[in-house]
Amino acid sequence: MKLHALWLAALTLMAAGLPVMSSNSHIVPVAVGDPEKCKAASDLLLQRHGIYIQPINYPTVPRGTERLRITPSPNHDNLLIDKLAAAMVDAWQQLDMPLLQPLAAE
């Protein structure tokens, strides 16, 4: 897998204010922290945007650490990753989940 897609996805999602978790693998996990909202976000992304992202809930992860599991591939170019970030921001807003504040320009 090209590291470019992995890093581009993680950086683009972070820049959009999404709570990207660190990872030592090809997975970009995005923290949700609530099992119902995690499943709802996955459903919303599929229904509204045609994007399937796997929700990861207990018992795979401890309660309170629910997350979405994103696996970018070399086929995910800048345009697709930008669309993903916009779709995820939409899902966060629809589900009233907080976005992180982007870093201020220096």
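Above this text is the structure in question.
First, a word on scope: everything that follows refers to the structure included in this document. In this text the structure is predicted, and so the values were computed from the model without any measurement. (Residues numbered from 1 in each chain as written. Predicted model: local features only at pLDDT ≥ 70, side-chain atom pairs only at ≥ 80, totals over all residues. Heavy atoms only, no water.)

## So, unusual backbone geometry
Going by this rule: Helix and strand labels come from DSSP, where a helix needs a run of H or I of at least four residues and a strand needs a run of E of at least two; each type is numbered from the N terminus. Burial classes follow relative accessibility: with a 1.4 Å probe on protein chains only, a residue under 20% of its type's maximum area counts as buried, one over 50% as exposed, and anything between as partly exposed.
In this structure, Pro-59 follows Tyr-58 across a cis peptide bond, with omega equal to 15°. Summarising the element assignment, Pro-59 is placed in the loop between strand S2 (54–56) and strand S3 (67–70). Not every positive phi belongs to a glycine, and Asp-96 is a case in point at roughly 55°. What makes Asp-96 exposed here is its relative accessible area of 66%.

## Notes on helix H2 (residues 35–49)
Rules: Multiplying 1.5 Å by the residue count of a helix minus one yields the expected span of that helix. Think of the arc as the fan of directions from the helix axis to the C-beta atoms. Two residues form a contact once any of their heavy atoms are found within 4.5 Å. Two N or O atoms form a polar contact when they lie within 3.5 Å of each other; inside protein one atom must be a possible hydrogen donor and the other a possible acceptor, and for residues adjacent in sequence the pair counts only when both atoms belong to side chains.
Its 15 residues place the ends of H2 21 Å apart at the C-alpha level, agreeing with the 21 Å of an ideal helix rising 1.5 Å per residue. The set of residues buried in H2 consists of Cys-38, Ala-41, Ser-42, Leu-44 and Leu-45. Relative to the axis of H2, the buried residues are bounded by an arc of 160° and lie together on one face. Across H2 from its buried face, at more than 90 degrees, point the exposed residues Glu-36 and Gln-47. On its buried face, H2 sits against S2, S3 and helix H3 (78–94). The opening residue of H2 is Asp-34, an N-cap whose side-chain oxygen sits 3.0 Å from the backbone nitrogen of Glu-36. Two residues or fewer past H2, Gly-50 is found with a positive phi of approximately 70°.

## Focus on the sheet that holds S2
The condition is simple: DSSP calls a pair of strands paired once it identifies at least 2 bridges connecting them. For helices, the fitted line uses only the C-alpha atoms of the stretch in contact; every axis is such a line through C-alpha atoms, and the angle between N-to-C directions lies from 0 to 180 degrees.
Taken in spatial order, the 3 strands line up as S1-S3-S2 in an open sheet, and their pairing is antiparallel. Only two strands of the sheet have a single partner each, and these edge strands are strand S1 (28–31) and S2. Direction aside, neighbouring strands of the sheet carry axes that sit 30° apart on average. Across 4 bridges, the pairing between S1 and S3 is antiparallel. Pairing of Pro-29 across the sheet is with Arg-69, part of S3. Where H2 meets the sheet, its contacts fall on S2 and S3, and the angle it forms with S3 comes to roughly 40°. Together, S1 and S3 form the strand contacts of H3, whose direction differs from that of S3 by roughly 170°.

## Concerning the environment of Leu-99
Mapped onto the elements of the fold, Leu-99 is located in the segment after H3. Classification of Leu-99 as partly exposed rests on a relative accessible area of 27%. Along the primary structure Leu-99 and Ala-16 are separated by 83 residues, whereas in three dimensions their C-alpha atoms are 8.0 Å apart. Sequence-distant contacts of Leu-99, that is, excluding residues within four places in its chain, are made with Ala-16, Gly-17, Leu-18, Val-89, Trp-92 and Gln-93.

## Details of the packing of H2 against H3
Note the following rule: By definition in this entry, angles of less than 35 degrees are roughly parallel, angles greater than 145 are roughly antiparallel, angles of 65 to 115 are roughly perpendicular, and the rest are oblique. Crossing handedness follows the turn of the near helix against the far one: under a right angle anticlockwise gives a left-handed crossing, and clockwise gives a right-handed one. Three categories are distinguished: nonpolar for Ala, Val, Leu, Ile, Met, Phe, Trp, Tyr, Cys and Pro, charged for Asp, Glu, Lys and Arg, and polar for the others, with Gly belonging to the last.
At their nearest, the axes of H2 and H3 sit 10 Å apart, and the two run at 120° to each other. If you check the angle between H2 and H3, you find them oblique. Here the hand of the crossing between H2 and H3 comes out right-handed. Listed contacts from H3 to Leu-44, Leu-45, Arg-48 and His-49 of H2 are Ala-87, Met-88, Asp-90, Ala-91 and Gln-94. When its residues are assigned to classes, the contact of H2 with H3 shows 5 nonpolar, 2 polar and 2 charged.

Keep in mind these numbers describe shape, not what the thing actually does.
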